[in-house]
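# Analysis of the macromolecular model
In case you want the letters, here they are:
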Amino acid sequence: MGGMTDDRADELGRPARRRSTGEVGTAFAPFRDAHVHLGLIGAVDLRAGGIAGAVDLGWSSDVVDLADAAPVPASYAGSFLTAPGGYPSDRAWAPAGSTHAVAGPEEAVDAVERQLANGASLIKVVLNSEAGPVLDAVTLTAIVAASPVPVVAHVQGPGLLEVALEAGVQVLAHTPWTEPVPDDLVVRAAASQRWISTLDIHGYGTATPEQDTAVDNLRRFHDAGGEVLYGTDLGNGDLPVGLNSRELALLHEAGLRPRALIHALTASFADLPTGGLLAFIAGLPTHDTVAWLTGAAVVHVDELELIR
Ligand SMILES: [Zn+2]
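Computed from a predicted structure; not experimentally measured.

### A short note on unusual backbone geometry
Residue Tyr87 is joined to Pro88 through a cis peptide bond whose omega torsion reads 0 degrees. With respect to the element layout, Pro88 can be found in the loop between β6 (80–82) and β7 (99–101). The phi dihedral of Tyr204 falls on the positive side, at around 50 degrees, and the residue is not glycine. Within the secondary structure, Tyr204 is located in the loop between β11 (194–196) and α7 (209–223).

### Digging into the environment of Val102
Among the secondary structure elements, Val102 is positioned in the loop between β7 and α3 (108–117). The spatial distance from the C-alpha of Val102 to the C-alpha of Ala74 is 26 Å, given a sequence separation of 28 residues. Those residues in contact with Val102 that lie beyond four places of it in its chain are Leu81, Thr82, Ala83, Pro84, Glu107, Ala108, Ala111, Leu135, Thr139 and Ile143.

### Considering the environment of Ala67
With respect to the helices and strands, Ala67 occurs in helix α2 (residues 63–69). In this structure, the C-alpha to C-alpha distance between Ala67 and Val24, residues 43 residues apart in sequence, is 32 Å. Setting aside its immediate chain neighbours within four residues, Ala67 contacts Leu38, Val72 and Ala74.

### Here's the deal with the sheet that holds strand β14 (residues 297–300)
The strand order β14-β13-β2-β1-β15 describes an open sheet built from 5 strands, whose pairing is antiparallel. The open sheet has two edge strands with one neighbour each: β14 and β15 (304–306). Each neighbouring strand pair of the sheet contributes to a mean axis angle of 45 degrees, computed without reference to strand direction.

### Some details on the coordination of the zinc ion
Of the protein atoms, only His35 (NE2), His37 (NE2) and Asp233 (OD) coordinate the zinc ion, at distances of 2.0 to 2.2 Å. Sequence spacing of the donors to the zinc ion: H-x1-H-x195-D. In this pair, His37 is assigned in the loop between β3 (33–36) and α1 (38–41) and Asp233 in the loop between β12 (227–229) and α8 (245–253), connecting sequence segments 196 residues apart. Residue His37 is classed as buried on the basis of its relative accessible area, which comes to 6%. Look at Asp233 and you get buried, because its relative accessible area is 5%.

### Description of the packing of α3 against helix α4 (residues 137–146)
Running from N to C, α3 and α4 cross one another at 45 degrees; their axes reach a closest spacing of 8 Å. Classified by the interaxial angle, the pair formed by α3 and α4 is oblique. Regarding α3 and α4, the two cross each other, and that crossing is right-handed. Side by side, α3 and α4 meet where Ala108, Val109 and Val112 of the first sit next to Ala142, Ile143 and Ala146 of the second.

What counts as what
- Residues numbered from 1 in each chain as written.
- Predicted model: local features only at pLDDT ≥ 70, side-chain atom pairs only at ≥ 80, totals over all residues.
- Heavy atoms only, no water.
- Helix = DSSP H or I, 4+ residues; strand = E, 2+ residues; numbered from the N terminus.
- Contact = heavy atoms within 4.5 Å.
- Pairing = 2+ DSSP bridges.
- Axes fitted to C-alpha atoms, helices over the stretch in contact; angles between N-to-C directions.
- Donors = N, O, S within 2.8 Å, 3.2 Å for Na, K, Ca; no water.
- Buried < 20%, exposed > 50% of the residue type's maximum accessible area, 1.4 Å probe, protein only.
- Parallel < 35°, antiparallel > 145°, perpendicular 65-115°, else oblique.
- Left-handed = near helix turned anticlockwise from the far one by under 90°.

Shown next as structure tokens:
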């Protein structure tokens, strides 16, 4: 096999030709969605939509079977760890086993170990004071300390970003949208966290105050050097299956230029294997980066040859 190898398609992209069609274009590491819920969407064909890897950010353990059946490599964050009675344990969409209540720091190790035993490669915690009780700071800190894998937090409510930062939470499942994050906290977050974008869920194509707040928070996080990951929360509302041009346009609005956009789409996260897949965009790059990226196809490495 004389094909190009995965590590030759880095985030800058490489000129390549598609064997089957002769099309010339650019190859990248596979594009991923860092926030989906397979339990809500099933094993849909993300690959046809240009997505070559997905991270399930919370569900019952039977989603592992869905991840195995998914047409692209998928990783799983386990159940939502939350306070007893906390969000989303009361939600109609959350099946039995999708939440795991952690009553105090003494339960942290067991809670984490159960998720890892079920195949989780991340730990998901929920801090939502707008919809119920929230894990206290001591319990959250104990969960982070107990976890050998990154902890991803859903943060919703006043003051909770600071709680997550103090506890050492490494990833936010959503760009904060409920309030403007003070600059000093943005700088602290940029130094220690990765933020998953999920900007389009605050409007689905229509600008809203919450979306404006999230875009402004993300712009300042990115300016401060914070690492942004592309994620859509697919399964939450009316979102396209595959690359979401509205999400990419909002990332662009937040100041991510081509290199940062491509990093957000390709960054290594949640132990996702490549499966030998790459992103391939036919034709020359255009000034409309969002439209150009949205045209990405998922191809196997053997389908491409590098142009020297
Ligand atoms: Zn979600």
